[in-house]
Amino acid sequence: MGGKRSVLAVSVMFFLLLSCINGEDPYRFYTWNVTYGDIYPLGVKQQGILINGQFPGPQIESVTNDNLIISVFNSLDEPFLISWNGVQQRRNSWQDGVYGTNCPIPPGQNFTYVLQVKDQIGSYFYFPSLAFHKAAGGFGGIKISSRSVIPVPFPPPAGDFTVLAGDWYKQNHTDLKAILDGGHDLPFPDGLLINGRGSNGYTFTVEQGKTYRFRISNVGLTTAINFRIQGHKMMLVEVEGTHSLQNTYSSLDIHLGQSYSVLVTADQPGQDYYIVVSTRFTSQVLTATSILHYSNSAGSVSGLPPGGPTTQIDWSLNQARSIRRNLTASGPRPNPQGSYHYGLINTTRTIRLANSAPIINDKQRYAVNGVSFIPADTPLKLADYFNISGVFSPGSISDNPTGGGYLQTSVMAADFRGYVEVVFENQEDTVQSWHIDGHNFFVVGMDGGQWSSASRLNYNLRDTISRCTVQVYPMSWTAVYMPLDNVGMWNVRSENWARQYLGQQFYLRVYSPANSWRDEYPIPSNALLCGRAIGHRRS
């Protein structure tokens with residue numbers, strides 16, 4: 001009891017400190033117990049990771065600027081971390097929940113995350129970031145609603161559903177990790193899940209004539225998916241925290257790590273309809289279904305689920321280009337989102353990032369600009385804070401693609417308040433998906449072939465979408481503009497979790513010499529210390 005009391009006391013002191021910083025923004029408290037448990041998502045018994053006995057884990061419900069106090073008790077027999085896909089943690093990479101910034105929570109111990117969803121709205125998810133835990137579950141949805149004083153550009157829906165979909169393996173996460181550690185890529189997935197269940201295992205109930213919001217995230221490991229609802233159209237309204245043009249779609253491609261919100265009106269005869277997800281850009285197509293159940297349903301689903309797109313890259317690319325920003329909508333603050341004229345700002349730097357799949361030391365690895373990331377013995381954020389030499393070197397990854405492949409704890413140096421052009425270049429025959437922690441970026445262009453300076457002539461510099469995860473099609477490129485407005489050590493990674501695990505990631509060190517709380521919060525008083533940081537004192 002004494003240990004738990006001391007943790008609680010430290011946490012309360014930290015909360016009071018943040019109260020002074022953040023004013024009177026509301027607090028929401030969560031207590032999570034992370035355990036193993038038997039799950040049967042594809043009809044085969046597996047060792048899953050549960051949060052409070054749930055798979056998927058409990059939903060986080062919040063409002064713009066809320067402070068989230070999430071106390072995580074690790075009841076596994078191995079270290080554990082949770083990260084927050086898309087929640088930016090302004091000035092607070094201490095809470096990012098990846099090994100580059102946080103020490104893992106040891107077995108039998110607790111860590112309390114303190115996050116503020118500062119100036120954010122939208123749909124996101126959390127997931128376990130350590131080892132290959134993501135293949136065992138431990139993920140859940142995050143919903144950030146707008147404050148009551150901020151107008152939302154559509155009427156309040158009658159209901160709000162979270163859809164966590166993605167590929168799944170029947171093998172336990174430890175077996176999958178062993179395959180990767182042995183220098184091999186993963187096999188093709190065994191199936192798809194919707195909210196932790198296989199086909200027809202989950203039901204969404206609606207009333208005829210009413211409109212509902214579906215928040216859809218691809219939480220899978222290796223494949224893009226297509227989402228559709230039999231007989232119904234979907235109006236896109238939000239993309240990872242940005243209100244979008246309200247285009248209507250019959251189906252949506254959702255790449256790894258991406259999140260979308262759509263409005264669906266129950267305007268069909270009262271019966272049951274298929275909700276379908278299927279894999280995209282794969283030679284074998286996997287499909288899973290859920291049920292859209294009308295409360296006055298006169299019959300269950302019948303026949304085959306509706307098929308997805310029959311064309312591949314061109315169809316998906318055109319759809320991606322059609323997803324644009326709603327310039328007349330307000331964001332989390334009471335001003336139009338379009339008032340930020342991203343296209344009129346001069347970029348200060350161009351960073352070109354190319355993925356590759358080198359064989360290093362006779363093992364399959366994945367790399368960015370020729371560098372395959374290997375974790376250090378100490379979280380990079382702690383090494384940076386305590387000035388521990390020999391852990392990493394800023395500039396250990398180039399701004400431009402290079403040949404070959406080698407192992408390195410790669411960190412790219414960047415200046416606070418810079419404004420960079422990042423070009424993701426994909427010369428492989430598979431679709432890539434990239435995420436940058438702590439930041440949103442403007443997707444100004446994507447196309448096939450090789451990127452060059454002439455490609456800028458076709459950038460969308462007026463109303464492109466702002467998001468944190470973007471796809472790059474085979475033999476293609478995607479360009480983004482990104483304000484470096486968040487000091488910290490931030491993970492840049494492939495959302496294909498096998499590629500991420502085998503090195504397709506690095507860290508972006510956004511640095512401010514001011515050393516001011518205005519730019520970055522101090523190290524938390526409850527921060528765990530590990531590796532070469534043990535014995536250092538938190539100031």
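Residues numbered from 1 in each chain as written. Predicted model: local features only at pLDDT ≥ 70, side-chain atom pairs only at ≥ 80, totals over all residues. Heavy atoms only, no water.

1. With respect to the state of the cysteines
Keep this limit in mind: By definition, disulfides here are pairs of cysteine sulfur atoms that lie within 2.5 Å. For the purposes of this entry, the term helix denotes a DSSP run of H or I that reaches at least four residues, the term strand denotes a run of E that reaches at least two, and both are numbered from the N terminus. For every residue, the accessible area obtained with a 1.4 Å probe (protein chains only) is divided by the maximum for its type, and the residue is called buried under 20%, exposed over 50%, and partly exposed between those limits.
In this structure the tally under the stated criterion is one disulfide. Paired through a disulfide, C103 and C530 show a sulfur-sulfur distance of 2.1 Å. Residues C103 and C530 share a disulfide whose torsion about the S-S bond is about -90°; that sign makes it left-handed. Of this pair, C103 sits in the loop between strand 5 (82–85) and strand 6 (110–116) while C530 is found in the segment after strand 36 (505–511), placing the two residues 427 residues apart along the sequence. This pair shows no difference in class: C103 is buried, exactly as C530 is.

2. Some points on the environment of S146
Keep this limit in mind: Here a residue-residue contact requires only that any non-hydrogen atoms of the pair lie within 4.5 Å.
Along the chain, the position of S146 falls in the loop between strand 8 (140–145) and strand 9 (159–168). Sequence separation between S146 and Q120 is 26 residues, and the spatial gap between their C-alpha atoms is 8.1 Å. Those residues in contact with S146 that lie beyond four places of it in its chain are V63, T64, I121 and V152.

3. Points about the confidence of the model for the protein
Put simply, the rule reads: Known as pLDDT, the predictor's per-residue confidence is scaled from 0 to 100.
Across the protein, pLDDT averages 93, with 95% of residues at or above 70. Counting interchain partners and residues more than four positions distant, the pLDDT-below-50 stretch residues 1–22 has 26 contacts.

4. Description of the side chain of S71
Convention followed: For this analysis, a polar contact is any N or O atom pair within 3.5 Å, provided that within protein one partner can donate a hydrogen and the other can accept it, and provided that sequence-adjacent residues contribute only side-chain to side-chain pairs.
The topology assignment puts S71 in strand 4 (residues 67–74). Engagement of the side chain of S71 in a polar contact is seen with the side chain of N110, the distance being 2.7 Å. For S71, the side chain forms a polar contact with the side chain of T112, separated by 3.4 Å. Excluding residues within four positions of it along the chain, S71 makes contact with Y30, T31, W32, N110, F111 and T112.

5. Side note on the packing of aromatic side chains
Cut-off, in case you're wondering: Stacked, tilted and edge-to-face are the three classes assigned to paired rings of Phe, Tyr and Trp, where Trp is represented by its six-membered ring and a pair needs centres within 6.5 Å; plane angles under 30 degrees give stacked, over 60 edge-to-face, the rest tilted.
Per the stated rule, a full pass over the model turns up 27 aromatic pairs. Taking the centre distance of 6.2 Å and the plane angle of 20° together, the rings of Y27 and F29 count as stacked. With relative accessibility at 24%, the residue Y27 sits in the partly exposed group. For F29, a relative accessible area of 57% translates into the label exposed. Put simply, the rings of Y30, W32, W84, F111, Y113 and Y126 pair up and form one aromatic cluster.

6. Observations regarding the sheet that holds strand 26 (residues 393–394)
Sheet strands pair via backbone hydrogen bonds, and the direction of the pair is either parallel or antiparallel. Short version of the rule: Whether two strands pair comes down to DSSP finding at least two bridges between them.
Pairing in this open sheet of six strands is mixed, and the strands run 26-28-36-35-30-33 from one edge to the other. Whereas interior strands pair on both sides, the edge strands pair on one side only; in this sheet they are strand 26 and strand 33 (469–472). As judged from the five bridges shared by strand 28 (residues 410–415) and strand 36, these two strands associate in the parallel manner. Residue pairing for strand 36: A414 is matched across the bridge by V510.

7. Concerning the pattern of salt bridges
Note the following rule: Each salt bridge in this description consists of a side-chain nitrogen of Lys or Arg and a carboxyl oxygen of Asp or Glu lying within 4 Å of one another.
On inspection of all chains with the given rule, the structure shows 25 salt bridges. With its nearest N and O atoms 3.1 Å apart, the salt bridge here joins R493 to D437. Highlighted residues: R493 in strand 35 (residues 488–494) and D437 in the loop between strand 30 (432–436) and strand 31 (441–448), separated in sequence by 56 residues. Pair check on accessibility: R493 and D437 agree, each one buried.

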